[in-house]
Amino acid sequence: MDKIDKSDFRRVILETHSQFDYGIKQAKDSKIEESGFDSIVVCGMGGSQMPGYFLNSLINTKGLPVFNHANYGIPEKLTKKPLFIATSFSGNTEETLDSYENIKKQGHSVIVFSNGGKLEELARENNDVLVSYEIKDPNFQPRCATPMTTSAMATVLENSSLAQNAIADLQKTAGFLKELKEEKLEKEGGQIAESIGDRI
């Protein structure tokens, strides 16, 4: 298996449940002190942006609409008091850095989620609310960080009274995943792969 799965991707998948708790742990002391927000805008690309869709569909953000922005800059049309989330696992995503600069230039509030890079550096310089993941595993794929990032975002929002029951719901999801039998799942996965065969 090691010859095929050189980045130990199987282990990462099997440990998905632990990402929920890790994201909650990393964000447990983080919150934004301001209030009166009337929307949430998630700025990120690819896998880093995925949590924005989960916030919108799975997490009770107390009626606040959640918008996703996957581009340079920030949306032209905004509510009166948006709360921005700038998210980049590497911290060096060009579009997200540009969004962050525009957020700061226009004086909006922002919470930053990153695993280092320029974005984390700027957030520290500007004393922004920051959640840093501190994952040093070189084999870890950023696209696998969705459960962790979603949990971290939900935790900050709940700490800031902008979401409710989010942490408990995510912990239930983690518990469900932990109880799944990997042997059964891998057997089913093998059967699906065989049925697909050499088709795309």
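Our structure is the block above this text.
Thresholds, definitions, all that
Residues numbered from 1 in each chain as written. Predicted model: local features only at pLDDT ≥ 70, side-chain atom pairs only at ≥ 80, totals over all residues. Heavy atoms only, no water. Helix = DSSP H or I, 4+ residues; strand = E, 2+ residues; numbered from the N terminus. Buried < 20%, exposed > 50% of the residue type's maximum accessible area, 1.4 Å probe, protein only. Contact = heavy atoms within 4.5 Å. 1 Å grid on protein atoms, 1.4 Å probe; cavity = no way out; pocket = protein on both sides within 12 Å on 5 of 7 lines; lining within 4 Å. Points joined across faces, edges and corners; volume = space filled by probe spheres on them. Nonpolar A, V, L, I, M, F, W, Y, C, P; charged D, E, K, R; others polar. Core = buried A, V, L, I, M, F, W, Y, C linked by side-chain atoms within 4.5 Å. Patch = residues over 30% accessible without salt bridge, like charges linked within 9 Å, V, L, I, M, F, W, Y side chains within 5 Å. Areas by Shrake-Rupley, 256 points an atom, 1.4 Å probe, with all protein chains shown as cover. Salt bridge = Lys/Arg side-chain N within 4 Å of Asp/Glu carboxyl O.

Some remarks on the side chain of S114
For S114, the position within the fold is in strand β4 (residues 109-114). Its relative accessible area of 0% is what places S114 among the buried residues. Once residues lying within four places of it in the same chain are set aside, the contact partners of S114 are S88, F89, S90, G91, L119, E120, V131, S132 and Y133.

Side note on empty space enclosed by the protein
Tallied over the entire structure, the rule returns one cavity of 30 Å³ or more. Considered as a void within the structure, the largest cavity measures approximately 30 Å³ in volume. Lining the largest cavity are G47, S48, T87, S88, F89, Y133, P142, A145 and T149. Tallied by class, residues from the lining of the largest cavity come to four nonpolar, five polar and no charged.

Overview of the nonpolar core
L55, F113 and Y133 are the most contacted members of the largest nonpolar core, which totals 34 residues. The set of elements that each furnish at least two residues to this core consists of α2 (16-27), β1 (39-43), β3 (82-88), β4, β5 (129-132), α6 (146-159) and α7 (166-179). Per-element tally for this core: the top contributor is α6, with six residues.

Observations concerning a nonpolar patch on the surface
Together, F176, L180 and L185 line one region of the surface with nonpolar side chains, adding up to about 290 Å² of accessible area. On the basis of relative accessible area, L180 is assigned to the partly exposed category, the value being 35%.

Some details on the layout of surface pockets
Within this model, the largest pocket holds a volume of roughly 330 Å³. In terms of lining residues, the largest pocket is bounded by 13 residues, among which I13, L14, L177, E182 and L185 are the most central. Counting residues per element, the ones that place at least two in the lining of the largest pocket are α1 (9-14), α2, α7 and α8 (182-196). The element best represented in the lining of the largest pocket is α1, accounting for four residues. When the residues that make up the lining of the largest pocket are grouped by side-chain class, the tally is six nonpolar, two polar and five charged. Lining the second largest pocket are R11, V12, E15, T16, S18, Q19, Y22, I135, D137, F140 and M148. When contributions to the lining of the second largest pocket are tallied by element, the ones reaching two or more residues are α1 and α2. Among the elements that line the lining of the second largest pocket, the one with the most residues is α2, at four residues.

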